[in-house]
Amino acid sequence: MRTPGTAEARGVTQRFGGLTAVSDVSFSVGAGEIHGIIGPNGAGKTTLLNILSGLQRPTQGSVVIGGDDVTRWPSHKLVAKARLVRTFQTVRLFSSMSVHENLMIAARIVAGPAEARTRVDEALDRLDLTALAPEPATALSYGLQRRVELARVMVADPAVVLLDEPAAGLNPQERRELADTLHAMRDSGVTVVLVEHHMDLVHAVCQHCTVLDFGKVISRGTPDEVTRDPVVLEAYLGGKHHRASEVDAVIPEDLEGTSKP
Amino acid sequence: MPDKALAVRAGRHLAPTLIAAVILIGYVFTDPGPSGLALGVNITVAAIASVGLTLAIGGAGQFSLGQAGFMAIGGYGTAYLMLAHEVQFLWALLAAVLLALVVGALVGYIALRLHGNYLAMATLAVSSGIYALLVLPGELGGANGYAPIPFPEIFGHKFIDPVDQYLLVAVTLILVLLVSNWLLASRGGKELAAIRDDEVAARAVGVNITARKVQIFALSAVIGALAGGVNGPLQTAIDPSLYSPAVSIQMFVMVILGGLGNIYGAVLGAALVTWLIAAVPGNGSWALTILGMVVIAFMALLPDGLSGLPKLARSLLGRLRGRTTEGSITGGSK
């Protein structure tokens, strides 16, 4: 059955030799939802994202996007047909190209030349990048490069967006802007899977979270529920019987003022 | 308005090709004589092949050391069909080029799994393999070579006059430059540049890496075969040494000297390397020694190759001007 905009992992396992990076992970994201994937370093979050975006074939399990089993789809088909796009932990813009050209590459995958140009102009406008369009992309500041990357995601007219730590390296002001952009994406019906360490951002935008540790799902629920889950506290802090207030001390909330969904 | 912008962009792209065309055709009117024309043919043929190689190396970042192998397919394929089966020149050339297309696509599939040095070694192996096959005694003459190949004939015109022969390869080069130009400016060319910049990011935005890599290797091979196929019949006799792995490496050097990715730079690189080999005495071996030093000098002084000369000139001018007007206070860090 086709259900546009949904994203699902079913029993996904990834082994690298003797190491099981992701072990029997299942979760499902409804259309137009922002779903957080959190967990300590090395929990398997990025590996999971690589599998969801077709960069890696899982050892076991399947990925279902919009009702289609896409486990064996090559990534270009995932973009063109399932309308799934992603970003990376580090900014990966095309270094020989201008901001405009970076966006055009992505837009031309899914649209003809005229429509692609319109979409690029719209995305540049929405993210306040119009003045920077002719600049060499990698000459921009880090925060701006992040924004260009988001614009490059938008021009693909995505149904599902996978973001790998989009807030990494951003200051609080930029994080607030990112939260606004994510809200706008969700409001236009885009489904977002968000891997993130900044709990302030997760609290601000996510409806649901899946918590990974050592490749396994250890908790799921709303951001508030998982940050109060003793199992999650133990995974982050190492000991037993921590209280929620201690986690809040570890995970700062400096996103006051951002609207919750 | 967009149409006008497009026209301007196309014009800017075409200007260097026009200049190249004027120089290539104009050479005939400088009264170069038979030996000058023969050198012109050699340079132009090398330029065609190295432009093809540039598309793979500079356009898509795929390091290939096998261009001589594809030239051999073009040269021997065309010659064999013309001599043994009396096929018309253009049809023979077309068949040989199609064969190179298939082999090039196969190499492209290899390129899907290999990167950098490993890919370079694999392509060198393919080209060495083709060379080894040609050296084997057999219908193609082995190490003694293959002759006598009939002169090419197009629509009843036989290319016997050295001027005609030179013009044939010159026009071929101009066509190859036009096609390459168009390709690099097209959507496909931009996607190739994206692959060169960041292959993983290119995949993530939806570029079909498999198709693009196979296509660019096939095209690069086709242009290599075109160079070999046009040149073979002009030489009346060909032998495997024309297509040895050393020639592949010379091609690679031409592309490096040209600036790794600039098709006009590749033409200049081809001219420099071919002229050195012809002009320096010692049957090519001294030329190679000098070439090695030239490559080292380029790497140190002009990393953008011959195509970086205008930029170097500008920056030198800028530095000179900066020194005279700004003095040492600002340090010329403008």
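For chain B, the name recorded in an unreviewed UniProt entry is Branched-chain amino acid ABC transporter permease, with Nonomuraea cavernae as its organism. In its Subcellular location (unreviewed entry) section, UniProt records this for chain B: "Cell membrane".

Going by the annotation in an unreviewed UniProt entry, the name recorded for chain A is ABC transporter ATP-binding protein, with Nonomuraea cavernae given as the source organism.

Participant: Just checking my understanding: could you explain the interface of chain A and chain B for this structure?
Facilitator: Where interface size is given, it is often the accessible area lost as the parts come together that is meant. Each side of the interface is counted separately: chain A has 20 residues, and chain B has 18 residues. Taken together, the two surfaces of chain A and chain B that pack against each other cover about 1700 Å², and 59% of this comes from carbon and sulfur. The largest share of the area that chain A buries against chain B comes from His76, Phe94 and Ile109 of chain A, three residues that together contribute 29% of it. Taken together, the connections running from chain A to chain B amount to two salt bridges. Residues Lys190 of chain B and Glu101 of chain A are paired through a salt bridge, measuring 3.2 Å at the closest nitrogen-oxygen approach. In this assembly, chain A and chain B are joined by eight residue pairs in polar contact (both at pLDDT 80 or more). Within the residue set of the side of chain A that touches chain B, elements represented by two or more residues are α2 (75–80), β6 (84–86) and α3 (99–110) of chain A. Here the side of chain A that touches chain B takes five residues from α3 of chain A, the largest share from any one element. When its residues are assigned to classes, the side of chain A that touches chain B shows nine nonpolar, five polar and six charged.

Participant: Please explain the packing of aromatic side chains as it appears in this structure.
Facilitator: What describes a pair of aromatic rings is the distance from one ring centre to the other and the angle between the planes of the rings. Taken as a whole and judged by the stated rule, the model has four aromatic pairs over all chains. Chaining the aromatic ring pairs together yields one cluster made of Tyr76, Tyr146 and Tyr243 of chain B. Across from the ring centre of Trp73 of chain A, 4.2 Å away, lies the NZ or CZ of Lys77 of chain A, which sits over that ring. The ring centre of Phe94 of chain A lies 4.8 Å from the NZ or CZ of Arg152 of chain A, which sits over that ring.

Participant: What is the right way to read the sheet that holds strand β7 (residues 160–164) of chain A from this model?
Facilitator: The strands that make up a sheet pair up through hydrogen bonds in the backbone, lying either parallel or antiparallel. Residue and element names in this part refer to chain A. With respect to topology, six strands assemble into an open sheet ordered β6-β7-β8-β3-β9-β10, the strand pairing being mixed. Looking at which strands have only one partner, the edges of the open sheet turn out to be β6 and β10 (216–221). Each adjacent strand pair in this sheet contributes to an overall mean axis angle of 15 degrees, direction not counted. In the sheet, strand β3 (residues 34–38) pairs with strand β9 (residues 208–213) via four bridges, with the strands oriented parallel. Across the sheet, residue Ile37 finds its bridge partner in β9, namely Thr210. Docked against the sheet, helix α9 (residues 230–237) engages β3, β9 and β10, running at close to 130 degrees with respect to β10.

Participant: What is the right way to read the UniProt feature "transmembrane region" (unreviewed entry) in chain B from this model?
Facilitator: All names here are of chain B. Listed under "transmembrane region" (unreviewed entry) in the UniProt record, and renumbered for this structure, are residues 12–30, 36–58, 65–83, 89–111, 118–136, 166–184, 251–278 and 284–302. Split by type, residues 65–83 is 89% helix and 0% strand. Its first and last C-alpha atoms lie 29 Å apart. Helix makes up 95% of residues 118–136 and strand makes up 0%, while its end C-alpha atoms are separated by 27 Å.

Participant: Would you mind going over the side chain of Asn102 of chain A with me for this structure?
Facilitator: Structurally, Asn102 of chain A is set in helix α3. Apart from the residues within four sequence positions on either side, Asn102 of chain A is in contact with Leu93, Phe94, Met97, Ala137 and Arg152 of chain A.

Participant: What is the right way to read the pairing of strand β4 (residues 60–65) of chain A from this model?
Facilitator: Residues and elements named next belong to chain A. Across five bridges, the pairing between strand β1 (residues 7–16) and β4 is antiparallel. In the strand pairing of β4, Ala9 is matched with Val63. By the bridge criterion, two bridges tie β4 to strand β5 (residues 68–69) in an arrangement that is antiparallel. If you follow Ile65 over to β5, its bridge partner there is Asp68. Linking β4 to β5, which pair antiparallel, is a turn of two residues; within it Gly66 sits at a positive phi near 55 degrees.

Participant: Can you walk me through helix α5 (residues 142–154) of chain A in this structure?
Facilitator: Since one α-helical turn is 3.6 residues long, residues separated by three or four positions face the same way. The end-to-end C-alpha distance of α5 of chain A, which contains 13 residues, comes to 19 Å, matching closely the 18 Å that a straight helix rising 1.5 Å per residue would cover. Extensive coverage of α5 of chain A is indicated by the burial of 10 of its 13 residues. Within α5 of chain A the residues assigned to the buried category are Gly143, Gln145, Arg146, Val148, Glu149, Leu150, Ala151, Arg152, Val153 and Met154 of chain A. For α5 of chain A, the elements touching its buried residues are β6, α3, α4 (113–126), β7 and α6 (172–187) of chain A together with α8 (199–205) of chain B.

Participant: What is the right way to look at the domain arrangement of chain A in this model?
Facilitator: All names here are of chain A. Domain annotation for chain A reports domain 1 (1–83 + 158–261) and domain 2 (92–157). Every contact between the two is made by 19 residues of domain 1 and, on the other side, 13 residues of domain 2. For the pair domain 1 and domain 2, the number of links is one salt bridge. Residues Arg83 and Asp157 are paired through a salt bridge, measuring 3.2 Å at the closest nitrogen-oxygen approach. Connecting domain 1 to domain 2 are two residue pairs in polar contact (both at pLDDT 80 or more). Looking at the side of domain 1 that touches domain 2, the elements with two or more residues in it are α2, β7 and α6. At six residues, the largest contribution of residues to the side of domain 1 that touches domain 2 is made by α6.

Procedures and definitions
- Counting of residues starts from 1 at the beginning of each chain's written sequence and follows it residue by residue.
- Lettering for chains starts from A, numbering for ligands starts from 1, and both go in the order in which the items are written.
- Owing to the predicted nature of the model, reporting of local features is limited to residues with pLDDT of at least 70; listing and counting of side-chain atom pairs is limited to 80 or more, with chain, interface and lining totals taken over all residues.
- Side-chain metrics rest on all non-hydrogen atoms present in the structure, leaving aside hydrogens and water.
- UniProt positions are given in the numbering used here, feature names are shortened, and annotations may be inferred rather than shown by experiment.
- Contacts are assigned to residue pairs that have any heavy atoms within 4.5 Å of one another.
- By buried area we mean the combined loss of accessible area, with a 1.4 Å probe, across both parts when two parts are placed together.
- The salt bridge definition used is simple: a Lys or Arg side-chain nitrogen within 4 Å of an Asp or Glu carboxyl oxygen.
- Here a polar contact is taken to be a pair of N or O atoms separated by no more than 3.5 Å, where protein atoms must pair a possible hydrogen donor with a possible acceptor and residues adjacent in sequence count only if both atoms sit in side chains.
- Secondary structure elements follow DSSP: runs of H or I no shorter than four residues count as helices, runs of E no shorter than two count as strands, and numbering proceeds from the N terminus.
- Under the scheme applied here, ten amino acids are nonpolar (Ala, Val, Leu, Ile, Met, Phe, Trp, Tyr, Cys and Pro), four are charged (Asp, Glu, Lys and Arg), and all others, including Gly, are polar.
- The criterion for an aromatic pair is that two Phe, Tyr or Trp rings (for Trp, the six-membered ring) have centres within 6.5 Å, with stacked assigned to planes under 30 degrees apart, edge-to-face to planes over 60 apart and tilted to the rest.
- A ring is considered to have a charge above it if a Lys NZ or an Arg CZ atom is located within 6 Å of its centre and within 35 degrees of its normal.
- Any two strands with at least two DSSP bridges between them are considered paired.
- The axes used here are C-alpha line fits, helices contributing only the stretch in contact, and every angle between their N-to-C directions lies in the interval 0 to 180 degrees.
- Expected helix span is taken as 1.5 Å per residue step, with the number of steps being one fewer than the number of residues.
- Burial classification: accessible surface area is computed with a 1.4 Å probe over protein chains only, and a residue below 20% of its type maximum counts as buried, one above 50% as exposed, and the rest as partly exposed.
- These domain limits were set by an automatic method or by a database of domain assignments.

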